[in-house]
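Structural description and commentary
The residues making up each chain are set out below.
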Amino acid sequence: MLLLSLRINVELFLSPITSQVQTAQQTPKHYGITSPISLAQPKEADLVLTQKLIETLRPFGVFEEELELQRRILVLGKLNTLVQVWIREVSEVKNIPSSVIDNVGGKIFTFGSYRLGVHTKGADIDALCVAPRHVERSDFFSSFYEKLKEQEEVKDLRAVEEAFVPVIKLSFDGIEIDILFARLALQTIPENLDLRDDGLLKNLDIRCIRSLNGCRVTDEILHLVPNIENFRLTLRLLVCHNIYSNILGFLGGVSWAMLVARTCQLYPNAVASTLVHKFFLVFSKWEWPNPVLLKQPEDCNLNLPVWDPRVTPSDRYHLMPIITPAYPQQNSTYNVSTSTRAIMVEEFKRGLAITDEILLNKAEWSKLFEAPNFFQKYKHYIVLLASAQTEKQHLEWVGLVESKIRILVGNLEKNEFITLAHVNPQSFPGPKEEIDKEEFSTIWVIGVVFKKMEGPENLNVDLTFDIQSFTDTVYRQAITSKMFEADMKITAMHVKRKQLQQLLPKVAIQRSKRKASHSSDGLRAMNDGSLDLSVDSDNSMSVPSPTGPSAAKIARASKDGTKPDNVGTSSSNATQKGAAPLKRPGSPVLHDSEKKPKVDSVQQTPHPSPCLSAGPANKRPASPLGNETSKKVEEVRQRSHVECFLKFYFQHCVNFVFYTLFNSILCVHFLPHSRVTH
């Protein structure tokens, strides 16, 4: 009896523990800030669709061959050894005790697409060099840079020390690598160092924290998804879309990864084919600007700025916040604008419709990669062309211009007559001004949608101010960073759909040729940093760049804090049928009419234009497209200058009338008995 009661008591004591263990075994690990939407296991049809998805992805080169993967591992191993040798040498120079030098360590970490396991063939590697506290950033950009220069495998070595996140770029045995630097407050760097430890951020300068952020975010994402292989396959498919560019206001790699990770959290047991469909379902219906979070934000009491709209007013205006999971939490999509968000949501809805068909066996996965034809989607386009004389200048110039294009998109969005500005993430090589002259150029294309207006007449919209502020920003930045050269130019022009064929490579517009007949109207001349794309001059705008003596004038003006008088001026007209003529005061506008006058009929003498500062009056080079065309373009330019001068003269007349009238009112009011005649 006693034994029986003891057994009952023991069972009663152990039953809560047993039930807890069983509950823990039955309840899967919880991912994310909410419970999953579905825990359904994949069906046989889902597995078949996933295999078809893999076969569809292969031709796109998203899977790297084993030999190439082993080559990357070998290169990273060599680089890691090089870092450890360099840190030992620096330690000896700084008289660090030999007992510390033996275990000083040092390590190369990877992040980005390579660390996530979704890199494609030929993709670069993002790496981070982690060093102990006695190795300074100046050592990294001096002695380590020189050590890299001594390596035979290293090519195209360049240091960007003044960047927001300082970096050394190089090609190691044919593999492009970007190396950041972080100096930790540790005496030695252990081999098993976990960068996710928030304590490592203590006593670090902001540049080291920024450098560490890439690795910390990447590692955190991988720890927050239930199935890494399903996550990777889903991410590989989604980044193939043509809305991948953080610098232009779309989603970058980290943002795409976090959206896919959130989808995996909501459907933890789903395979890739299901996850792709659920991704489009979730984010086509997401109520932006509600943020996407992979985990609850944590405060480490390090007084670092984090994304928090309750504290930081500017965070409240972010349109599509996707918050990084590692401290300090940041919004990875602060570049997103109204237009780019609308374009991405539209693409999510399109993806949902296509995946619905795929799941019903009404379409193949390849249909998901058939992006809408950008060059047939819009009626009006703005073309930007950045050019420079040498390849090195062109590389720097293009990087600067591309980083500022989102400013132009923002300016266009603020225009009351523009509803959408869609920049194509893909750039193209531009045409040359002179065949015999060496020049490097790049083109970006922005699709523009104008607001529909009521009325029988045409709409004339002047984009001078929008383009002007953009080009001013680019030139000022170039001058401030001391990278500006006299031959660096920006050209901006408004063209219609049919005229794009004259600018873009044939590959880019093959679908355009199949869908629409081409007009013979097109590119006519490229002179003095400006391109005229059409005989109809009301569809072109030119942005002269500061060249020759003018460049010095700009530099002086920037020092004085005044506006350079020859930087980035432009004029444009965007035509939209069904609206009354519109013109902003004080801007050079060429009016559209139902029947456009031929350029040949305009023969007027050019005058100095107070509205368009075109820099020094240099002789224009001969156009590669023929003398007759160049003559027409010159006549167009002269006509615009004449019209701008007349506009300026008319404004002065109006001002004089108002001034005279104002004086008359004053005289009548204060001298009622005097006789005033005007």
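Being a predicted model, the structure only gives us computed values, none of them experimental. (Residues numbered from 1 in each chain as written. Predicted model: local features only at pLDDT ≥ 70, side-chain atom pairs only at ≥ 80, totals over all residues. Heavy atoms only, no water.)

Glancing now at the overall build of the protein. Of regular secondary structure, the protein possesses 17 helices and 14 strands. Relative to its 678 residues, the protein shows a buried fraction of 48%. For the protein, the exposed surface amounts to about 34300 Å²; the carbon and sulfur share of it is 54%. (Helix = DSSP H or I, 4+ residues; strand = E, 2+ residues; numbered from the N terminus. Buried < 20%, exposed > 50% of the residue type's maximum accessible area, 1.4 Å probe, protein only. Areas by Shrake-Rupley, 256 points an atom, 1.4 Å probe, with all protein chains shown as cover.)

Our focus in this paragraph is the UniProt feature "binding site: Mg(2+) 1" (unreviewed entry) in the protein. Per the UniProt entry, the sites bearing "binding site: Mg(2+) 1" (unreviewed entry) are D124 and D126 in this numbering. In this structure, D124 sits in the loop between α5 (112-116) and β2 (125-131). The residues touching D124, leaving out its near neighbours within four places in the chain, are R72, E176 and D178. Of note, D126 is situated in strand β2. A residue is classified by how much of its surface remains accessible, and D126, at 21% relative accessible area, is partly exposed. (UniProt positions renumbered as here; feature names shortened; annotations may be inferred. Contact = heavy atoms within 4.5 Å.)

Tracing the chain through its elements places R196 in the loop between β5 (175-183) and α7 (206-223). In sequence terms R196 and T218 are 22 residues apart; their C-alpha atoms lie 9.6 Å from each other. For R196, the contacting residues outside a window of four places in its chain are R216, D219, E220 and H223. There is a polar contact of 3.3 Å between the side chain of R196 and the side chain of H223. (Polar contact = N/O pair within 3.5 Å; in protein donor to acceptor, adjacent residues only side chain to side chain.)

Turning next to the pairing of strand β6 (residues 380-388). Extensive coverage of β6 is indicated by the burial of 9 of its 9 residues. Burial of the side chains of β6 extends over both faces: H380, I382, L384, A386 and A388 are buried on one face and Y381, V383, L385 and S387 on the other. Inspection of the sheet shows β6 paired to strand β9 (residues 440-450) by 9 bridges, in the antiparallel sense. Within β9, the position partnered with Y381 by the bridge is G447. (Pairing = 2+ DSSP bridges.)

As a further point, take the nonpolar core. In terms of nonpolar packing, the biggest core is built from 105 residues, with F231, F348, W397 and I446 touching the most fellow members. Discounting residues that sit within four places of it in the chain, F348 has contacts with L251, W256, L259, F279, F280, F283, S284 and M320. In terms of nonpolar packing, the next biggest core, distinct from the first, is built from 30 residues, L76, F140, I168 and F181 among them. (Core = buried A, V, L, I, M, F, W, Y, C linked by side-chain atoms within 4.5 Å.)

A separate point is the packing of aromatic side chains. All told, the structure shown has 21 aromatic pairs when counted by the stated rule. Ring centres of W256 and F279 lie 5.9 Å apart, and the angle between their planes is 25°; on these two criteria the pair is classed as stacked. In this pair, W256 is assigned in helix α9 (residues 253-266) and F279 in helix α10 (residues 272-284), connecting sequence segments 23 residues apart. For the pair formed by W256 and F279, the shared burial category is buried. Here F279 and F348 contribute two aromatic rings whose centre-to-centre distance is 5.6 Å and whose plane-to-plane angle is 90°, an arrangement assigned as edge-to-face. Note that F279 is positioned in helix α10 and F348 in helix α11 (residues 338-359), a separation of 69 residues in sequence. Its relative accessible area of 0% is what places F279 among the buried residues. Judged by relative accessible area, F348 falls into the buried class, the value being 0%. The structure contains a cluster of three or more aromatic residues connected by ring pairs, namely W256, F279, F280, F283, W286, W288 and F348. One residue, R58, lies across the ring of F63, its end atom 5.4 Å from the ring centre. Above the face of the F164 ring, R210 is positioned so that its terminal group lies 3.8 Å from the ring centre. (Phe/Tyr/Trp six-rings, centres within 6.5 Å; stacked < 30°, edge-to-face > 60°. Lys NZ or Arg CZ within 6 Å of the ring centre and 35° of its normal.)

Within the secondary structure layout, K404 lies in helix α13 (residues 391-414). This buried residue, K404, is left without a salt bridge; E402 holds the nearest opposite charge, at 12 Å. For K404, the contacting residues outside a window of four places in its chain are F470, T473, V474 and Q477. (Lys, Arg positive; Asp, Glu negative; His and termini not counted. Salt bridge = Lys/Arg side-chain N within 4 Å of Asp/Glu carboxyl O.)

On to the UniProt feature "binding site: Mg(2+) 2" (unreviewed entry) in the protein. UniProt annotation of "binding site: Mg(2+) 2" (unreviewed entry) refers to D124, D126 and D178 when read in the numbering used here. Despite a sequence span of 55 residues, these residues sit close together in the fold, their greatest C-alpha distance being 7.6 Å. With sequence-adjacent residues up to four places away left out, D126 is seen in contact with F109, T110, F111, G112 and D178.

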